[in-house]
Amino acid sequence: MVRIEGVVTKRLVRHCDDRGFFMEILRDDDELLARFGQASLSMSYPGVIKAFHYHDRQDDLWFFPVGSAQVVLYDLREGSPTKGATQVFYMGETNPLLLVIPKGVAHGYRVLGPNPLIITYFTTESYNPADPDEQRLAWNDKGINFDWSTQNR
């Protein structure tokens, strides 16, 4: 599997007992983000593909507490040793991970399974509607050329 330069994951640990579970998500001593900008939450329905976009100034940190997602990254950065590489993650409530997505790496996801998906994400900059750091590419961008269909049915 190709690993895109600068992409970092953190496996989350559930502490379970007869009441349920507790799980830390993000700590200041994880040193995953250069700085804190904003925390946001979004819900998507089954089968939805939200892709692709990238940022010039901010890094993202993604976490899916509810549902399951196929996450696709594509390195657009000039001068990156992994420019043009694609990396795929399967994340969600059955595989709790934090995923750091560096600026210049296109990212998107597909909701897997019959239930809605919730993403909680943290960014290194707050959203500025007067100067948004959001560049968009189509979910079926020819340059990325990712096959979103389910394999091995």
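Our subject in this report is the structure included herewith. Just so it is clear, the model here is predicted, and its values are computed rather than measured. (Residues numbered from 1 in each chain as written. Predicted model: local features only at pLDDT ≥ 70, side-chain atom pairs only at ≥ 80, totals over all residues. Heavy atoms only, no water.)

What about the overall build of the chain?
Working step 1: Scanning the chain for helices and strands turns up 0 helices and 12 strands.
Working step 2: Along the chain direction, N to C, the helices and strands of the chain fall in the order β-β-β-β-β-β-β-β-β-β-β-β.
Working step 3: At 16 Å, the chain has a C-alpha radius of gyration in line with the 15 Å of a compact globule built from 153 residues.
Working step 4: Seen through its C-alpha atoms, the chain measures out along the principal axes to roughly 50 × 40 × 30 Å.
Working step 5: Across the 153 residues of the chain, 41% fall into the buried class.
Working step 6: Long-range contacts, defined as pairs at least 24 residues apart, comprise 82% of the intrachain contacts of the chain with a sequence gap of at least 6.
Working step 7: Placing the 16 positive and 20 negative side-chain charges of the chain at their respective mean positions leaves the two points 5 Å apart. (Helix = DSSP H or I, 4+ residues; strand = E, 2+ residues; numbered from the N terminus. Rg over C-alpha atoms; globule rule 2.2 N^0.38 Å. Buried < 20%, exposed > 50% of the residue type's maximum accessible area, 1.4 Å probe, protein only. Contact = heavy atoms within 4.5 Å. Lys, Arg positive; Asp, Glu negative; His and termini not counted. Charge placed at Lys NZ, Arg CZ, Asp CG, Glu CD.)

Some details on the side chain of H55
Working step 1: Turning to its location among the elements, H55 is positioned in the loop between β5 (49-54) and β6 (60-66).
Working step 2: In terms of polar contacts, H55 uses its side chain to reach the side chain of H53, at 3.4 Å.
Working step 3: Reaching out from H55, the side chain makes a polar contact with the backbone oxygen of D133 at a distance of 2.5 Å.
Working step 4: For H55, the residues in contact, after removing those within four places along its chain, are D60, K103, G104, H107, D133, E134 and Q135. (Polar contact = N/O pair within 3.5 Å; in protein donor to acceptor, adjacent residues only side chain to side chain.)

Thoughts on the pairing of strand β3 (residues 20-23)
Working step 1: Where strand β2 (residues 14-17) and β3 come together, 4 bridges link them in antiparallel fashion. Paired with C16 across the strands is F21, a residue of β3. (Pairing = 2+ DSSP bridges.)

Topic: the nonpolar core
Working step 1: Residues F64, V71, L73, L99 and Y109 are the most contacted members of the largest nonpolar core, which totals 18 residues.
Working step 2: Broken down by secondary-structure element, the contributors of at least two residues to this core are β6, β7 (68-75), β8 (86-92), β9 (97-101), β10 (105-112) and β11 (117-123).
Working step 3: Within the second largest apolar cluster, 9 residues are counted, among which are M23, L32, L61 and F63. (Core = buried A, V, L, I, M, F, W, Y, C linked by side-chain atoms within 4.5 Å.)

What about the packing of aromatic side chains?
Working step 1: This model, assessed by the stated rule, comprises 5 aromatic pairs.
Working step 2: Summarising the aromatic geometry, the rings of W62 and Y109 are spaced 5.7 Å apart at their centres and angled 85 degrees between planes, so their arrangement reads as edge-to-face. Here Y109 lies in strand β10 and W62 lies in strand β6, a separation of 47 residues in the sequence.
Working step 3: Relative accessible area serves as the criterion here: at 4%, Y109 is assigned to the buried category. (Phe/Tyr/Trp six-rings, centres within 6.5 Å; stacked < 30°, edge-to-face > 60°.)

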